[in-house]
Amino acid sequence: MKFATKAIHAGVHPDPATGAIMTPIYQTSTYVQDGVGNHKGYEYSRTQNPTRHALEKNIAAIENGKYGACFGSGLAAIDCVLKMLNPGDEVISTNDLYGGSYRIFKTIFEKYGIIFHFVNMQDVAAVATLVNEKTKMIWVETPTNPMMNIVDIEAMAKISKAAGAMLCVDNTFATPYLQNPLDLGADMVMHSVTKYLGGHSDVVMGALVCSDENIANEMYRIQNSSGAVTAPMDSFLVLRGIKTLHLRVQRHCENGEKVARFLAAHPKIDKVYWPGFETHPNHEVAKRQMRGFGGMISFNLKGNQLEDALNIVKKVEIFALAESLGGVESLIGHPATMTHASIPKDVREQSGVVDSLIRLSVGIEDADDLIADLTQALA
Ligand SMILES: *Cc1c(COP(=O)(O)O)cnc(C)c1O
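Conventions we followed
- Residue positions are counted from 1 within each chain, in the order its sequence is given.
- Local features are withheld for residues below a pLDDT of 70 in this predicted model, meaning they are given only at 70 or higher, and side-chain atom pairs are given and counted only at 80 or more; totals for whole chains, interfaces and linings count all residues.
- Values reported for side chains reflect all heavy atoms of the structure, with hydrogen atoms and water molecules removed beforehand.
- Secondary structure elements are defined from DSSP: runs of H or I of at least 4 residues count as helices, runs of E of at least 2 residues count as strands, and each element is numbered from the N terminus.
- With the radius of gyration taken over C-alpha atoms, the globule rule is written as 2.2 Å times the number of residues to the power 0.38.
- The classification of residues rests on relative accessible area computed with a 1.4 Å probe and restricted to protein chains. Under 20% of the type maximum is buried, over 50% is exposed, and intermediate values are partly exposed.
- Any two residues whose heavy atoms approach within 4.5 Å at even a single point are treated as in contact.
- Under the convention used here, a 1.4 Å probe and the Shrake-Rupley method define accessible areas, while residue burial counts only the protein chains that appear.
- His is not counted, nor are the chain ends; Lys and Arg add positive charge and Asp and Glu add negative charge.
- Charge coordinates come from a single atom per side chain, which is NZ of Lys, CZ of Arg, CG of Asp or CD of Glu.
- Here a polar contact means two N or O atoms within 3.5 Å. Within protein one must be a hydrogen donor candidate and the other an acceptor candidate, and residues neighboring in sequence count only if both atoms are side-chain atoms.
- A helix is expected to span 1.5 Å for every residue after the first.
- Any residue with a non-hydrogen atom lying within 4 Å of a molecule or strand is treated as near it.
- Definitions used throughout: a 1 Å grid over protein atoms alone; a cavity as a set of points that fits a 1.4 Å probe which cannot get out; a pocket as an open set with protein on both sides within 12 Å along at least five of seven lines; a lining residue as one with an atom within 4 Å of a point.
- A cavity or pocket is said to hold a molecule if more than half of that molecule's atoms lie within 2 Å of its grid points.
- Just to be clear on terms, a salt bridge is a Lys or Arg side-chain nitrogen sitting within 4 Å of an Asp or Glu carboxyl oxygen.

**Student:** Please give an account of the overall build of the chain that cites residues and values.
**Tutor:** Along its length, the chain carries 14 helices and twelve strands. Taking 2.2 N^0.38 as the reference for a compact globule, 379 residues should give roughly 21 Å; the C-alpha atoms of the chain span a radius of gyration of 21 Å, in line with that estimate. Taken along its principal axes, the extent of the C-alpha atoms in the chain is 75 × 50 × 35 Å. When burial is assessed residue by residue, the chain has 56% of its 379 residues classed as buried. Long-range contacts, defined as pairs at least 24 residues apart, comprise 73% of the intrachain contacts of the chain with a sequence gap of at least 6. Within the structure as shown, the chain displays about 15,900 Å² of accessible surface, and the carbon and sulfur contribution to it stands at 54%. Seen as two clouds, the 34 positive and the 41 negative side-chain charges of the chain have centres 2 Å apart.

Here it is, written out as structure tokens:
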């Protein structure tokens, strides 16, 4: 089945009790048993819930995976993956990681004896030199946030397979419509469903997808044991959101390209980071592993003045100043003071998150209106 058909039909069936075409919101904590141990596959909603179940199957299908699990947030999904590790294990990750991922690595899991290495993952050889017998996980984010660097997933899969380590890819920015890491050799895909999968800025949720049965058993064991599951109502909203994922992402890509080209031609702008540009250093890798370049764009200003950047994010009228991304509405953000404030200044500046850097999540409004808004804000 092709993507659009799976997005609409995978995992969902008419309700057996009534024929309702939409999966009901099974707002229940428990399920009545006919006799001890005689139940219909559902015992308690931390472990299994039919609305969540439909969503988990749907997300697994659109990622070309076998097993899906949904969590109360993207970070709860990351928490689940990291709990597969043991003290002394080592993880290799990117040096321009999402701020919240960096924080859970450094301030939660380091305490339990897990060792994290951060490296520029565009440099495949540099990743390989960090591998040793304790390397148990490679954690990739691509495109990266907010610098829009592209990591070669197939190259990372080769390294992780040789090391006997697990390759996890945070696929939040690309979405399953543009990139499927499992097909490129990854063992686990993670999503902040909060972003494009939900797509309407009304839910916080995370998801994991894998195809290996042993990894899946661990994933479900930790999901049930730690209990960071998502709610039936939120599962319903995301099932509805995913039905239009392909249409939304097509428009995000079209608008993203128009806005990126407008910014690149603007006299006040220094650099524009968008993987669709042929001049982007990883454009060839992006073309190979993605089916489009998305609507996430970062840029900085000539002169690199903090006040200039803060002025622009205040002056926009259609773009809303907010954290997060991936909704139908356009958002604007200032990474240095918002999403990346928890990363030390010298660390963030090394990766390009300078004071005048601005990040856009280009929505699916009319592109002319978005460009007019940026024109007046930059004037
Ligand atoms: C938002 C985000 C997360 C965290 O997800 P939450 O749903 O906010 O917990 C992780 N990775 C990336 C790339 C994100 O954008």
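**Student:** Help me get a handle on the side chain of Arg-52, residues and values and all.
**Tutor:** Mapping Arg-52 onto the fold places it in helix H2 (residues 50-62). Its relative accessible area of 2% is what places Arg-52 among the buried residues. From its side chain, Arg-52 meets the backbone oxygen of Arg-46 in a polar contact 3.2 Å long. Not counting chain neighbours up to four residues away, the residues in contact with Arg-52 comprise Ser-45, Arg-46, Thr-47, Cys-70, Gln-223, Val-229, Thr-230 and Ser-235.

**Student:** So what about helix H10 (residues 245-264)? Which residues, and what values?
**Tutor:** In a regular helix each residue adds 1.5 Å, so 20 residues correspond to 28 Å; H10 covers 28 Å between its end C-alpha atoms and thus fits that length. Of the positions making up H10, those classed as buried are Leu-245, His-246, Arg-248, Val-249, His-252, Cys-253, Asn-255, Gly-256, Val-259, Ala-260, Phe-262 and Leu-263.

**Student:** An account of the site of the ligand is requested, with residue identities and associated values reported.
**Tutor:** Residues in close proximity to the ligand total 14 residues, the closest being Gly-74, Asp-170, Ser-192, Thr-194 and Lys-195. Gly-74 has a polar backbone atom sitting 2.9 Å from an oxygen atom of the ligand. Alone, the ligand offers 380 Å² of accessible surface; in the complex the protein occludes 93% of this. In this structure the site holding the ligand corresponds to the largest pocket. If you list the elements that add at least two residues to the shell around the ligand, you get helix H3 (74-82) and strand S6 (188-192).

**Student:** Can you tell me about the pattern of salt bridges, naming the residues and giving the values?
**Tutor:** For the structure shown, the criterion picks out twelve salt bridges. Linking Glu-56 and Arg-52 is a salt bridge whose minimum nitrogen-to-oxygen distance equals 3.0 Å. Linking Glu-56 with Arg-52, this pair stays in helix H2, spanning four residues, or about one helical turn. Residue Glu-56 shares its accessibility class with Arg-52, and that shared class is buried. Through salt bridges with shared partners, a single network forms among Lys-345, Arg-348, Glu-349 and Asp-355.

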